[in-house]
Amino acid sequence: MGEQIIVETYTRSEAEAMMNFRADAALMAAQGYSPVFQSWAPGQWQSRSFITVLLLCLLIVGIPALVYMLVVTPDGALTVTYVGSRGDPAPEAASRPQPANAD
């Protein structure tokens, strides 16, 4: 019960996202959090963007956009889960003194 979970997402290229993660990991460690899971998802164009550009290629206008989409990849996302303990892990009710029963 005393655990707190924080999920951070870093978007950029994989190298830049890892640099930002390492910088944040040091700050989070100072606050008592440690990374327990990380996942990298590469960036990708939406399918409707490709369809739109392909249709624009019929008008010749979309050819530069198609070349751009084939050369440049969008930013990816690094998702990191941090877990930290705060205080006593026992539930709050268990730590309170119980009243004595008067029989």
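Here the structure is shown first, and the text comes after it.
A few points on the structure.

The rules behind each value
- Residues numbered from 1 in each chain as written.
- Predicted model: local features only at pLDDT ≥ 70, side-chain atom pairs only at ≥ 80, totals over all residues.
- Heavy atoms only, no water.
- Phe/Tyr/Trp six-rings, centres within 6.5 Å; stacked < 30°, edge-to-face > 60°.
- Helix = DSSP H or I, 4+ residues; strand = E, 2+ residues; numbered from the N terminus.
- Buried < 20%, exposed > 50% of the residue type's maximum accessible area, 1.4 Å probe, protein only.
- Contact = heavy atoms within 4.5 Å.
- Salt bridge = Lys/Arg side-chain N within 4 Å of Asp/Glu carboxyl O.

### Some words on the packing of aromatic side chains
Right, on to step 1. Within this structure, the stated rule accounts for three aromatic pairs.
Right, on to step 2. An angle of 65 degrees between the planes, with centres 6.3 Å apart, marks the rings of Y10 and F21 as edge-to-face. Of this pair, Y10 sits in strand 1 (residues 3-12) while F21 sits in helix 1 (residues 14-30), placing them 11 residues apart in sequence. As far as the burial class goes, Y10 and F21 line up, both buried.
Right, on to step 3. Through pairs of rings, three or more aromatic residues link up here, namely Y10, F21 and Y82.

### Quick word on the environment of I5
Right, on to step 1. Within the secondary structure, I5 is located in strand 1.
Right, on to step 2. For I5, a relative accessible area of 59% puts it in the exposed group.
Right, on to step 3. Along the backbone, I5 and S85 are 80 residues apart, and their C-alpha atoms lie at a distance of 9.0 Å.
Right, on to step 4. When near neighbours in sequence (up to four residues on either side) are disregarded, I5 contacts T81, Y82 and V83.

### Digging into the pattern of salt bridges
Right, on to step 1. Applying the stated criterion across every chain yields a total of one salt bridge.
Right, on to step 2. Between R12 and E16 there is a salt bridge; the shortest N-O distance is 3.8 Å.
Right, on to step 3. Judged by relative accessible area, which is 39%, E16 ranks as partly exposed.

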